[in-house]
Structures are given as C-alpha cells and as structure tokens.
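Fold and contact review
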Number of protein chains: 2
Amino acid sequence: MDTKGSSLLPEGAKARLVYLSLKDEIADGRLADGDNLPGEQRLAETFGVSRVTVRRALDALSADGLIERRVGSGTVVRANGFGKKPVAMDFTTLMPQLVEMGQSTTARLLSFSYGPAPDFVARAMKLGADEKVQIATRVRSADDRPFSHLTTYVPETIARNYSEHDLATTPLFKLLERSGVHIGDAQQSVSATLAGPEVAEALEVAVGSALLSLRRVVRDETGKGVEYLSALYRPDMFRLEMALTRVGSGSSRHWEPAIGKTEADVA
Amino acid sequence: MDTKGSSLLPEGAKARLVYLSLKDEIADGRLADGDNLPGEQRLAETFGVSRVTVRRALDALSADGLIERRVGSGTVVRANGFGKKPVAMDFTTLMPQLVEMGQSTTARLLSFSYGPAPDFVARAMKLGADEKVQIATRVRSADDRPFSHLTTYVPETIARNYSEHDLATTPLFKLLERSGVHIGDAQQSVSATLAGPEVAEALEVAVGSALLSLRRVVRDETGKGVEYLSALYRPDMFRLEMALTRVGSGSSRHWEPAIGKTEADVA
DNA sequence: CCGACCTGTATTATGCATAATACAAATCTG
DNA sequence: CAGATTTGTATTATGCATAATACAGGTCGG
C-alpha cells in the first residue's frame, strides 16, 4: 500500500521519458485499467529507444504498482493505484468540486515572508515601486496526497489583517473580503511547465514531470491588484473544467459559459 | 533572433536538475532581472556537481534567453526572456486572439482516417458500440512556428459532409454547423502532459517538454457527441486566458466570466 | 596596476545509460 | 502439438554525461 509516488524514477533521460509518458497515458485514461500495452519490442520501436531502456521504465512503473507483467502473456495496466478521481475545479467559479468522494483538503504552509515584490508581480498588480508584499507558499493535499503548490503575493497593507494561521486554514478570498477588500475582477491564464526540484518534492512527483500552471491576478474595484497567485497542479490529480453553451442565432451565434454545469465524465 | 524555444534542455540528469532549479528561481522572482548569479565554481559546489555540468545548464538557460554571460564580469539574469508574448486564446469564447501581431495561423493536416473510436472517446461521446469516427490530426502554426497539435474525432455520418480539404482550411465549427448539426453544449477540461516523440516533432519541441493539454467534447441538442477534441499546446507560445468579475452581493456573491475582456498584460 | 574573480576552452579519465544481440522460459493461438 | 509472441536474463560494446584539473583572457576593485 505504499504507492509512494515516484520513489524510483529512472535516472537516464530516455528511460525517464518513457516512464513519464506511459505514466501520463495511464493517468488520463488513454491507457485504461486492464488494457495490455504493446510488447517491449514494440514500445522500443515506438519511442525510438532500445528494449533495455523500455524495461527500465517498465520496472519503475511496476514498482509503482501501475502495471503488472506476466511472462509469455504481456503487460497489463493496473490503474487502481490511480483509481482515485482527480480533484476537479470549475474554471469559472474557481470552486474545487470535492464533494464526490467526501474529500477534504488540507493546506500546509511551506514558507511565509514579507519583502519587495518581484518585478513581474509588481507589474501585474500595478504596485508602487517599493511596495512590500506578503509572499506565502503552501501545498494543498487531498487525502494526504498533495495536488497543488500555491504561491500568493498580497500587498502588505492588506495582508497584515490576517494571521499566518488564518492562511493555513481559510481560503484567501474569505480573508481578503474579511479584510475589507472589495474584489472587483480577476484575470487568469493557464499554461504548463516542468516540475523543478523543490516543487517536485513538495508535490511528491518526479523532477521533470508535467504540471498545470495557473496565474491569477485579482483586482479590487479601483483596479489595483490585491492578490497574485501562481499555482502549480499535478495533472494526474487535478483538472480545470468548464462547460459551455451555444447561444444566439445566425451570425451572432457564440459560446457562453454554463456555470455550475460541470460534468465529471469527460475524461 | 532565433530563440528556438526550449528546444535544448540538458540531456543529463544532473545538468537538467541545475537547469530546472535555476529556471524556477528565475521564474518566480527569487532571481530577479538584473541580478548576477554566483560564479560557476560556486554554483558547482552548491549543487554538488562539477563545473562542466553547471555550464551545460547555463548553456541551456542562455539559449532560452534567460541569462546573459559576460567574460570576466559574471552572469546576469535576463528575465525578459519570459516576456515574449505568446498566442492567447480566450477560454470562454474559444477564439484565439491573434490580432496583436498581425499573426495569421495556418493548418497542416498530419493524418486523416476513418476507424473505430478509441474507448475513452466513445465513452465521452456516448457513441454506439461499433460506431466509426473520422480521426484527423493537424498542426496549427503562427508565423510558421507550430503551436498546437489537434486531434479530432467526429462521427462518420457527420464527417462525410465535408472534405479533407475543407478540414485544412475551415474551422471545424463552421463545418459542423454547415453540415446541419445543431450544436448544443460543450465540456472542456484542461491539464498538462509531456511531449511524446511524434508530437514533439510536429511541434518542434524537445521530447519531454511540458505541454498544455485540452480536451473538449461538443454535443448537439440531443446530447450526443458530435466532436471530440484533444489538443496539445506549446506553453511558450500559447496561453488560455479568462477574465472574471465578482458579482452579486452578500452571501450570494460569486464569480462570473467577463467575456471579451481579456487583457494581455497578466504575464 | 595588480591581484582576485570571472567566463571560455581544453584535456583526460571514469562510470553509467543505452544499444544490439542472443537465448531461455512462459503463455497464447490455431 | 507447434509456432508465434511475450517477458526474463545475460553479454558485449559504445557513446555520453560527469568529474577533475589546468590555463588563457577579460573585468573589476582596491
């Protein structure tokens, strides 16, 4: 019952890639539980590596309990290790949907400090030159399995209104509005990045794993930034979801978000 | 000039680790623009590797335009490299915003066939058991630089209404509606994944790069799937963006998408 | 102006990842 | 049963990442 994540990831570049690729395919369902994957020779050709290299990747997957190898028969996917449905967050409401399995999330504070805002933060938040911000990094876990790594920047004048302890327990929105901030609008953008060493350790993934990256700037009614969020999510445990409806008619027909209609069966 | 994306991330395990570490520190501002980082010998000791290894990491960072090396003086951070504006797509309207640079996108058809739908596609689209689909893969480029890799699945009965040539020139939406399909709603989810060999080649990135992954199921008014899209985007050239507004009052205060208000200056 | 520190370059040596190949044992299929 | 395919295992060879070291040439501060 260990399933300690990627305790034994292949050192070599190629083997690691095969390992991560297959793990990804299993994680998002392209390789479903019970499927038996191509033979080692076949995989070697597909990835353009030798069979030895494929084997090293499969060794790691096997150690993770994600596959089961049978001599003569082949290798089948044992996706039970991943069986837990990922946490989904509705992109429009910003609310995680954890209800499904009675999941409860916990937050752990990794670092906490006050200091000058990094350039790109100051620019996005339209802060004054030397304005200081609170910089907090925390990791959220569901069922003791970390799925998101969050770094927030909040202007010091606002951040002084709540404590370090508040941050570990209460969503930042609540804290902001409780501090008298009138939230106006937000702008978020999504991309992808690779897991660096520190983040990898915090999220218990292999260095070089793919992560979903989200940046959000929240402004108050005057247009001044009150929160800058830089979030990294484990793709195997987290998804951004969104429902759209086609409305209008003729040439003005267009898409419109259907809030709260997220269905979980897309993947 | 060239700035060929992150095509050259170090092969070796240690060098890559140093590379990712430093890139992370630059990305989140711990190493700000203009800072000059420790000497190569110093870095080598810090990371517990040889100077040669550090150099390989720095070579990659330099190729990414993130640092600038000066003989005798030292190495300084050039965080501007993150500033190159990528193609942005509004998550709510599904419309790419290319106007900024007069970019025009072109599409290239990589493969095209009819066959049985993969399991996860059939499940998501609620297709009949042996229902065949058209499977098309194409790559979109802006200024001859590929940024997205799209695979679409469309039920054969619908797909027969347009030609292979149509697919390379006209957005799929148009084709569907022209085929008499009444589009009802869509469900999309976003995640991240690693670039496999084929995709890496098509997108001209290194194998093992992080890619933004988007899946979308479009249904008609009866709820039957008419399109399944699996898209992969280069994060250095593409972003999903979305603007939100805080509306309502009191306890019913919540977020709502602000369509068409995307601002480009978040990153 | 001199010494300290920096990047650039070269050399040699070692270990590990990878490739290529062959064969054994188990399993499935016709 | 026979042949094909699979995983398991072993062997050998090669290339590359890394380490350790040395030195040349530029830059900066005292």
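Residues numbered from 1 in each chain as written. Chains lettered and ligands numbered in written order. Predicted model: local features only at pLDDT ≥ 70, side-chain atom pairs only at ≥ 80, totals over all residues. Heavy atoms only, no water.

Named according to an unreviewed UniProt entry, chain A is GntR family transcriptional regulator originating from Marimonas arenosa.

Scanning chain A from terminus to terminus reveals eight helices and 13 strands. By the burial criterion, 52% of the 267 residues in chain A qualify as buried. For chain A, the share of sequence-separated contacts (at least 6 apart) that also reach a separation of at least 24 residues comes to 57%. Total accessible area on chain A is roughly 11,900 Å²; 50% of this is exposed by carbon and sulfur atoms. (Helix = DSSP H or I, 4+ residues; strand = E, 2+ residues; numbered from the N terminus. Buried < 20%, exposed > 50% of the residue type's maximum accessible area, 1.4 Å probe, protein only. Contact = heavy atoms within 4.5 Å. Areas by Shrake-Rupley, 256 points an atom, 1.4 Å probe, with all protein chains shown as cover.)

Right, let's get into the sheet that holds strand S1 (residues 36-37) of chain B. Judged by pairing direction, the sheet is antiparallel, and its three strands sit side by side in the order S1-S3-S2 (chain B) without closing on themselves. Since the sheet does not close on itself, it has two edges, and those belong to S1 and strand S2 (67-70) of chain B, each with one partner. (Pairing = 2+ DSSP bridges.)

Listed by partner, the interface residues are 67 residues for chain B and 71 residues for chain A. Together, the buried faces of chain B and chain A total about 6,000 Å²; carbon and sulfur atoms form 56% of this surface. Between chain B and chain A we count two salt bridges in total. Elements represented by at least two residues in the side of chain B that touches chain A include exactly helix H1 (13-27), helix H4 (119-125), helix H7 (172-178), strand S9 (183-194), helix H8 (197-203), strand S10 (210-220), strand S12 (238-247) and strand S13 (254-257) of chain B. Residues of the side of chain B that touches chain A, tallied by class, amount to 33 nonpolar, 14 polar and 20 charged. When strand S12 (residues 238-247) of chain A meets S9 of chain B, the two strands line up antiparallel, connected through six bridges. Looking at S9 of chain B, one finds that threonine 245 of chain A is bridged to aspartate 185 of chain B. (Buried area = accessible area lost by both parts, 1.4 Å probe. Salt bridge = Lys/Arg side-chain N within 4 Å of Asp/Glu carboxyl O. Nonpolar A, V, L, I, M, F, W, Y, C, P; charged D, E, K, R; others polar.)

So, on to the relation of the copies chain B and chain A. What relates the two chain copies is a rotation about an axis together with a slide along it. Under the fitted operation, chain B is carried onto chain A by 0.3 Å of movement along the axis and a turn of 178°, and the coordinates agree to an RMSD of 2.5 Å. The symmetry that links the two subunits is that of a two-fold axis. (Least-squares fit on C-alpha atoms with pLDDT ≥ 70 in both.)

As a matter of local geometry, DNA strand D sits amid 25 residues, with Arg51 and Arg55 of chain A together with Ser50, Thr53 and Arg56 of chain B nearest to it. Sugar and phosphate atoms constitute 66% of the interface atoms of DNA strand D, taking the interface as everything within 4 Å of the protein. In the environment of DNA strand D, a phosphate oxygen lies 3.1 Å from a nitrogen or oxygen atom belonging to the backbone of alanine 15 of chain B. Contacts to DNA strand D include glycine 72 of chain B, whose backbone N or O atom sits 3.2 Å from a base nitrogen. (Near = heavy atom within 4 Å. Polar contact = N/O pair within 3.5 Å; in protein donor to acceptor, adjacent residues only side chain to side chain.)

Time to look at the UniProt feature "domain: HTH gntR-type" (unreviewed entry) in chain A. Here, the residues flagged by UniProt with the feature "domain: HTH gntR-type" (unreviewed entry) are residues 12-80 of chain A. From the first C-alpha to the last, residues 12-80 of chain A spans 27 Å; its make-up is 52% helix and 14% strand. (UniProt positions renumbered as here; feature names shortened; annotations may be inferred.)

Our next topic: the pattern of salt bridges. Applying the stated rule across the entire model yields 26 salt bridges over all chains. Two residues, arginine 70 of chain A and glutamate 68 of chain A, come together in a salt bridge whose shortest N-O distance is 3.6 Å. The exposure class of arginine 70 of chain A is partly exposed, given its relative accessible area of 42%. In this structure glutamate 68 of chain A comes out as partly exposed when scored by relative accessible area, which is 33%. The residue glutamate 156 of chain B makes a salt bridge to arginine 160 of chain B at a minimum N-O spacing of 2.6 Å. Each of Glu40, Arg51, Arg55, Asp59 and Arg69 of chain A takes part in one network of salt bridges that share partners.

Time to look at the domain arrangement of chain A. Residue and element names in this part refer to chain A. By domain assignment, chain A separates into domain 1 (13-82) and domain 2 (87-257). On the domain 2 side, the residues contacting the six residues of domain 1 number seven residues. Together domain 1 and domain 2 conceal approximately 430 Å² of surface at their shared face, both sides included; 52% is due to carbon and sulfur atoms. Counting every contact that joins domain 1 to domain 2 gives zero salt bridges. The interface formed by domain 1 and domain 2 includes zero residue pairs in polar contact (both at pLDDT 80 or more). By residue class, the composition of the side of domain 1 that touches domain 2 is three nonpolar, one polar and two charged. (Domains from an automatic or database assignment.)

This next bit is on the pairing of strand S3 (residues 74-77) of chain B. Residues and elements named next belong to chain B. As defined by bridge partners, S1 adjoins S3 across two bridges and the pair is classed as antiparallel. Residue pairing for S3: asparagine 36 is matched across the bridge by valine 76. Here S2 folds back onto S3 in antiparallel fashion, the turn holding three residues, of which glycine 72 has a positive phi close to 85°.

Residue and element names in this part refer to chain A. In this model, chain A carries a mean pLDDT of 84, and residues with pLDDT of at least 70 account for 88%. In this model, residues 1-7 is a region of pLDDT below 50 whose contacts with residues beyond four sequence positions or in other chains number nine contacts. In this model residues 261-267 is a low-confidence stretch, pLDDT under 50, and it forms 20 contacts with partners more than four residues away in sequence or in other chains. (pLDDT = per-residue confidence, 0-100.)

Time to look at the sheet that holds strand S2 (residues 67-70) of chain A. Reading across the sheet, the three strands line up as S1-S3-S2 (chain A) and stay open at both edges, with antiparallel pairing between neighbours. At either margin of the open sheet sits one strand with a lone partner, and together these are strand S1 (36-37) and S2 of chain A.

Time to look at the protein's contact with DNA strand C. In the neighbourhood of DNA strand C, 26 residues make up the surrounding shell, with Ser50, Thr53 and Arg56 of chain A together with Arg51 and Arg55 of chain B lying closest. Considering DNA strand C, the proportion of its atoms within 4 Å of the protein that are sugar or phosphate atoms stands at 69%. At 2.5 Å from a phosphate oxygen of DNA strand C is found a side-chain nitrogen or oxygen belonging to arginine 55 of chain B. The contact in question runs from a phosphate oxygen of DNA strand C to an N or O atom on the side chain of threonine 75 of chain B, over 3.0 Å. Looking at the surface near DNA strand C, the elements with two or more residues in it are helix H1 (13-27) and helix H3 (51-63) of chain A together with helix H3 (51-63), S2 and S3 of chain B. Sorting elements by how many residues they give to the surface near DNA strand C places H3 of chain A first, with four residues. Per-class residue counts for the surface near DNA strand C are six nonpolar, eleven polar and nine charged.

We now examine the environment of valine 181 of chain A. Residues and elements named next belong to chain A. The residue valine 181 is located in the loop between helix H7 (172-178) and strand S9 (183-194) in this model. Considered as a pair, valine 181 and glutamate 131 are 50 residues apart in the sequence and their alpha carbons are 18 Å apart. In this structure, valine 181 is in contact with Ile158, Leu176, Asp220 and Val226, ignoring residues within four places of it in sequence.

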